[in-house]
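# Notes for the structure review
Residue-level listing of the chains:
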Amino acid sequence: MPEQIYNPFTAFNFSNRNCFLTGQTLTTEEEKIQVFPQWLMSRYKLEDMPFKMLDESMATYKDIKIPCAAHINETYLEPLEAEIAAAFKIGYDAVKELDELKLFQWAGKLLYGIIFNEIQSGIKLQHSQGEEFNISQSIIHKFSNLHLMLQSLNLPITFEDFKPYSIFLFKVDNNPEEFGYRDEINTQTFSLRIKDFGLIICLQDNGANKYYHQEILQKIENEVLHPIQFEEFCGRVFYSAYLFNRLPEYNILPVADDIYIEAMPLRGMSSKPLFDHWVGKTFGQVLESFWKNWGFLLLEIIKNPEKPMSFLFKADGSLISASEIELPR
């Protein structure tokens, strides 16, 4: 018999007394790990930097922890962290050689750790007001699927002929001291821009966003991007992840000691396209947020609402070289 899959959303168990990954009871509530790994916090001096939670409260990066059994951390998470840390220290060329599944697991653990903390905060807040904690069924569906996929860390799970994620990796001419991090937990989208690379991962789309952006990707994937170009593409992916209108469904097939996960077709019974209609003006609002470092205002960006400003492509559709862009990195 295969080992048991753990689903914390069945009994809605987000206690510090249980390991986040396996559900096993911990010896102490202090048995925790950092969500943002220590090597990353040390490298970019993040420990005491503010981190804004969904309820508008502020934490610091070092405050964000999750309960984890010591042997699970030592056996599965620490070796993964060591491999990711070594590649990130070298930069783009080493990250490109990493197994994509490991990048997905690493980003997934980080994003799920934030989700875990957000849910804990929500439960405390609602209970303090004498209310039951409420969360939509579609969000529970997404979060529990992410948690299922994360157990590929510690269980013999095989993804049967599909990847649950889209990964985009670019060489970027970054300021080496900059730490650029973003997440959107509702769409489970993650981006990191550090060293000489930029990484974007859609954690629960079965590769749909990669397919959606394939035309642009073919033009830019082998280029060295200016940071504003990376942020523009990043904005495109975060917006398309918002437009993605399917909730992926999976079959779980235990076979002997192994667990196979099979993806159901995204199209399902619906003839509706997988992505809602792209609106240039709305994308312009996304760009304003992603281009905050350079101070562009929405009115400039959407002077033509149908074709917002771009640092990736000229009016004729040809690629803008990073060397042509006269903006600070």
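Note that the structure is a prediction, hence the values are computed from the model and not measured. (Residues numbered from 1 in each chain as written. Predicted model: local features only at pLDDT ≥ 70, side-chain atom pairs only at ≥ 80, totals over all residues. Heavy atoms only, no water.)

With that settled, consider the layout of surface pockets. Of the pockets and cavities examined, the largest pocket occupies roughly 1,200 Å³. As for the largest pocket, its lining consists of 37 residues, and the residues nearest its centre are Tyr181, Arg182, Asp183, Phe238 and Ser289. Listing elements by their share of the lining of the largest pocket, those giving two or more residues are strand 2 (50-52), helix 4 (100-128), strand 7 (180-184), strand 8 (189-194), helix 8 (227-243) and helix 9 (280-290). Looking at the lining of the largest pocket residue by residue, the class counts come to 20 nonpolar, seven polar and 10 charged. The computed volume of the second largest pocket comes to approximately 500 Å³. Taken together, 22 residues line the second largest pocket, and the ones lying closest to its centre are Arg236, Glu306, Lys307, Pro308 and Ser310. At the level of secondary structure, the elements contributing two or more residues to the lining of the second largest pocket comprise helix 7 (214-220), helix 8 and helix 9. Broken down by class, the residue content of the lining of the second largest pocket amounts to 10 nonpolar, four polar and eight charged. (1 Å grid on protein atoms, 1.4 Å probe; cavity = no way out; pocket = protein on both sides within 12 Å on 5 of 7 lines; lining within 4 Å. Points joined across faces, edges and corners; volume = space filled by probe spheres on them. Helix = DSSP H or I, 4+ residues; strand = E, 2+ residues; numbered from the N terminus. Nonpolar A, V, L, I, M, F, W, Y, C, P; charged D, E, K, R; others polar.)

Our next topic: the environment of Met149. Structurally, Met149 can be placed in helix 5 (residues 137-150). A sequence separation of 45 residues divides Met149 from Phe104, and the C-alpha atoms of the two residues are 9.3 Å apart. Contact partners of Met149, with chain neighbours within four places excluded, come to Phe104, Phe159, Phe162, Pro164, Gln204, Tyr250 and Ile261. (Contact = heavy atoms within 4.5 Å.)

Below, the discussion takes up the pattern of salt bridges. The tally for this structure, following the rule as stated, stands at 11 salt bridges. Note that Lys102 is salt-bridged to Glu83, the shortest N-O span being 2.8 Å. Of this pair, Lys102 sits in helix 4 while Glu83 sits in helix 2 (residues 70-90), and the two are 19 residues apart along the sequence. Take Lys102: its relative accessible area is 27%, and that puts it in the partly exposed class. Each member of the salt-bridge network shares a partner with another, and the members are Glu178, Arg182, Arg193 and Glu231. (Salt bridge = Lys/Arg side-chain N within 4 Å of Asp/Glu carboxyl O. Buried < 20%, exposed > 50% of the residue type's maximum accessible area, 1.4 Å probe, protein only.)

The terminal C-alpha atoms of helix 2, which comprises 21 residues, lie 29 Å apart, in line with the 30 Å expected from a rise of 1.5 Å per residue. Residues of helix 2 that are buried include every one of Ile72, Asn73, Leu77, Leu80, Glu81, Ile84, Ala85, Ala87 and Phe88, and no others. Taken together, the buried residues of helix 2 touch strand 1 (32-34), helix 1 (38-44), helix 3 (92-97), helix 4, strand 8 and strand 9 (197-202). In the stretch just after helix 2, Gly91 is the one whose phi turns positive, near 120°. (Expected span 1.5 Å × (residues − 1).)

Taken by themselves, the reported measurements are silent on function.
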